[in-house]
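Now for the letters of each chain:
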Amino acid sequence: MKKTVLEIDLNALEHNFNVISSKLKPSTKFMAVVKAGGYGSDSVEIAKKLESIGVDYFAVAFTSEGIDLRKAGIKTPILVLLPQVESIKNIINYNLEASLYSIYFLENFVDYVNKKEIKKCFCHFKINTGLNRVGFSEYQINDAIEKIKKCKPIKLAGIYSHLAATDDLNETKFTNSQINLFKKISSEIKSQISYKPILHMSNTSGIFNYPDCEFDMVRAGIGLYGYNNYLNKELLPVHSLKSVIAQIIHCNKGDSVGYNRSFFCKEDTKIAVIPIGHADGISRSFSKNIHIMIGDKKAEVVGDICMDVLMVNITGINCDEGDKVTFFDSKFNAEDFAKSVGSISYEILTNLSKRIERKIIEL
Ligand SMILES: *Cc1c(COP(=O)(O)O)cnc(C)c1O
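Residues numbered from 1 in each chain as written. Predicted model: local features only at pLDDT ≥ 70, side-chain atom pairs only at ≥ 80, totals over all residues. Heavy atoms only, no water.

**Student:** Explanation requested: the packing of helix α6 (residues 103-115) against helix α7 (residues 141-150) in the structure shown.
**Tutor:** Between two packed helices, what matters for the description is the angle formed by their axes and the separation of those axes. Between α6 and α7, whose axes approach to 11 Å, the crossing angle comes to 10°. It follows that α6 is roughly parallel to α7 by the angle criterion. Contact residues: α6 offers I103, L106, E107 and V110, while α7 offers D143, A144, K147 and I148. The residue makeup of the contact of α6 with α7, split by class, is 5 nonpolar, no polar and 3 charged. (Axes fitted to C-alpha atoms, helices over the stretch in contact; angles between N-to-C directions. Helix = DSSP H or I, 4+ residues; strand = E, 2+ residues; numbered from the N terminus. Parallel < 35°, antiparallel > 145°, perpendicular 65-115°, else oblique. Contact = heavy atoms within 4.5 Å. Nonpolar A, V, L, I, M, F, W, Y, C, P; charged D, E, K, R; others polar.)

Next comes the structure, spelled out in structure tokens:
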């Protein structure tokens with residue numbers, strides 16, 4: 001395709017799902033995290049594929065993301081990790097499962113359920129065990145559970161927490177203290193209710209580094225898309241970002257390239273113009289640090305990255321207008337790309353703008 005495309009490899013996704021599943025006990029459920037558009041890919045396509053191969057649950061960050069999946073026909077349960085009070089009505093209407101994480105949100109949720117006489121709704125109870133991001137802290141648990149017990153329609157489908165440092169093996173002591181606190185609080189809660197919520201805690205690197213943290217379900221995000229610090233070799237990258245040489249410009253020694261004349265040609269220089277820029281998620285701050293691949297040749301970005309285009313030095317590289325170029329793929333992957341600019345794959349992938357066409361690859 002002679003334009004910028006983000007290829008999404010559903011076979012790689014399936015492979016990653018199978019690799020992660022193979023690490024789990026057969027009874028452990030699999031929640032696929034498809035927030036932020038499936039980590040910048042295409043949440044609907046990702047969810048459809050995973051639903052077809054037997055995933056148990058989805059998680060999204062916000063209600064609107066869950067609605068997108070429901071509108072696309074996804075039937076699997078969907079946890080909304082960070083629902084806002086404004087969206088309670090949609091949570092109920094679209095049969096999504098709210099995370100209950102603060103007294104403020106819980107009180108509003110209970111009010112809505114009572115006012116609208118909702119018959120039954122499944123929720124997940126979020127415990128803050130030390131990340132100090134979202135969730136009930138230990139001193140709030142009793143109050144929160146009392147409120148939930150008084151509101152009969154609310155059923156806890158799950159009790160969960162989130163780990164802070166699963167990919168830092170210097171922090172095993174801290175991580176184990178989080179796991180132990182979760183065990184303690186969740187068993188106290190379970191002893192107060194007559195049914196059995198699903199306990200879940202591990203994200204991708206938790207699955208690989210803390211096997212005793214499986215509980216009843218795991219929540220895998222980045223691993224499904226092919227990344228995990230300790231396991232890149234087993235997983236396959238799902239995203240490949242490709243573009244095309246829109247134009248070739250011949251510059252003379254001493255010419256400048258781009259806005260603010262931030263690059264001067266030290267010799268006669270061939271410049272290729274690539275139609276992708278900071279509006280697409282290739283941040284202007286990457287200007288001095290990234291290269292692209294043209295075949296097996298590396299071409300450095302020169303000058304400041306513009307909104308819609310960037311320029312690369314192709315002096316000495318045999319290529320033409322219309323030729324394909326690659327930012328990252330399964331060889332030089334998004335994590336390698338991220339490292340070159342001091343970021344992480346999560347951020348690079350989720351910043352890829354809607355403007356880039358997603359092309360689904362499935363053999
Ligand atoms: C994003 C997120 C995950 C997924 O984490 P990965 O590291 O991508 O596997 C799991 N749980 C919560 C609460 C999250 O916000």
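**Student:** Looking at this model, I keep getting lost on unusual backbone geometry. Mind explaining?
**Tutor:** It is generally the case that most residues other than glycine have a negative phi and that most peptide bonds are trans. With a phi angle near 55°, N95 is a residue other than glycine that sits in the positive phi range. With a phi close to 60°, N260 is a non-glycine residue in the positive phi region. Position of N260 relative to the elements: it lies in the loop between β12 (256-257) and β13 (263-264). Since its relative accessible area comes to 62%, N260 is described here as exposed. (Buried < 20%, exposed > 50% of the residue type's maximum accessible area, 1.4 Å probe, protein only.)

**Student:** What is the right way to read the packing of aromatic side chains from this model?
**Tutor:** Here a ring pair, both rings aromatic, is described through the centre-centre distance and the interplanar angle of the planes. In this structure the tally under the stated criterion is 9 aromatic pairs. Aromatic pair F182 and F215: ring centres 5.0 Å apart, planes at 85°, arrangement edge-to-face. Of the two residues, F182 sits in helix α8 (residues 172-192) while F215 sits in the loop between α9 (204-209) and β9 (217-220), which places them 33 residues apart along the sequence. As far as burial versus exposure is concerned, F182 and F215 are alike and both buried. Judged by centre distance (6.1 Å) and plane angle (75°), the rings of F286 and F337 are edge-to-face. With F286 in the loop between β14 (269-274) and β15 (291-294) and F337 in helix α10 (residues 334-340), this residue pair connects regions lying 51 residues apart in the sequence. Judged on exposure class, the residue F286 and its partner F337 are both buried. Chaining the aromatic ring pairs together yields one cluster made of Y39, Y225 and Y346. (Phe/Tyr/Trp six-rings, centres within 6.5 Å; stacked < 30°, edge-to-face > 60°.)

**Student:** What am I meant to see in α7 here?
**Tutor:** Since the α-helix advances by 3.6 residues per turn, residues separated by three or four positions end up pointing in the same direction. Within the sequence span of α7, burial applies to I141, A144, I145 and I148. Here the buried residues of α7 occupy an arc of 95° about the axis, which is enough to place them on one side. Exposed and oriented more than 90 degrees from the buried face of α7 are N142 and K150. Packed against the buried residues of α7 are β5 (97-100), α6, β6 (121-127), β7 (154-161) and α8. (Arc of directions from axis to C-beta.)

**Student:** Quick question: what am I supposed to make of the nonpolar core here?
**Tutor:** Nonpolar side chains in soluble globular proteins generally cluster together in the buried interior. Counting 115 residues, the largest nonpolar core has L100, F109, F125, I189, L224, I274 and F327 as its most contacted members. Here this core gets 7 residues from one element, more than from any other, and that element is α6. In terms of domain composition, this core takes at least three residues from each of domain 1 (10-225) and domain 2 (239-361). Dropping the residues within four chain positions of it, I274 is found in contact with S243, V244, I245, I292, D308, V309, L310, V312, V325 and F327. In this structure, V257, C265, V302 and M311 belong to the second largest nonpolar core, which totals 9 residues. (Core = buried A, V, L, I, M, F, W, Y, C linked by side-chain atoms within 4.5 Å. Domains from an automatic or database assignment.)

**Student:** Please clarify how the domain arrangement of the protein chain should be interpreted in this entry.
**Tutor:** In many analyses, interface size is given as the accessible surface area lost on bringing the parts together. Split into domains, the protein chain comes out as domain 1 (10-225) and domain 2 (239-361). Distance between the C-alpha centres of domain 1 and domain 2: 38 Å. Contact with domain 1, which involves 11 residues of that partner, is made by 8 residues of domain 2. When the area that domain 1 buries against domain 2 is broken down by residue, the three leading residues are Y39, G40 and I222, summing to 48%. Applying the counting rule to domain 1 against domain 2 returns 0 salt bridges. There are 4 residue pairs in polar contact (both at pLDDT 80 or more) connecting domain 1 and domain 2. Mapped by element, the contributors of at least two residues to the side of domain 1 that touches domain 2 are α1 (10-22) and α2 (35-40). With 4 residues, α2 is the largest single contributor of residues to the side of domain 1 that touches domain 2. (Buried area = accessible area lost by both parts, 1.4 Å probe. Salt bridge = Lys/Arg side-chain N within 4 Å of Asp/Glu carboxyl O. Polar contact = N/O pair within 3.5 Å; in protein donor to acceptor, adjacent residues only side chain to side chain.)

**Student:** Would you mind going over the site of the ligand with me for this structure?
**Tutor:** Every one of the 13 residues lining the ligand counts as a neighbour, but K35, Y39, T204, I222 and Y346 are closest to it. Within the contact set of the ligand, a nitrogen atom lies 3.5 Å away from a side-chain nitrogen or oxygen of H162. When atoms are counted within 2 Å of each cavity's grid points, the one that captures over half of the ligand is the largest pocket. Grouping the amino acids of the shell around the ligand by side-chain chemistry returns 6 nonpolar, 4 polar and 3 charged. (Near = heavy atom within 4 Å. 1 Å grid on protein atoms, 1.4 Å probe; cavity = no way out; pocket = protein on both sides within 12 Å on 5 of 7 lines; lining within 4 Å. Sits in = over half its atoms within 2 Å of the grid points.)

**Student:** Is there a simple way to think about the environment of N128 in this case?
**Tutor:** Among the structural elements, N128 can be located in the loop between β6 and α7. Along the primary structure N128 and Y101 are separated by 27 residues, whereas in three dimensions their C-alpha atoms are 8.5 Å apart. Only 3.0 Å separates the side chain of N128 from the backbone nitrogen of G130, close enough to count as a polar contact. In this structure the side chain of N128 is engaged in a polar contact, spanning 2.9 Å, whose partner is the side chain of N132.

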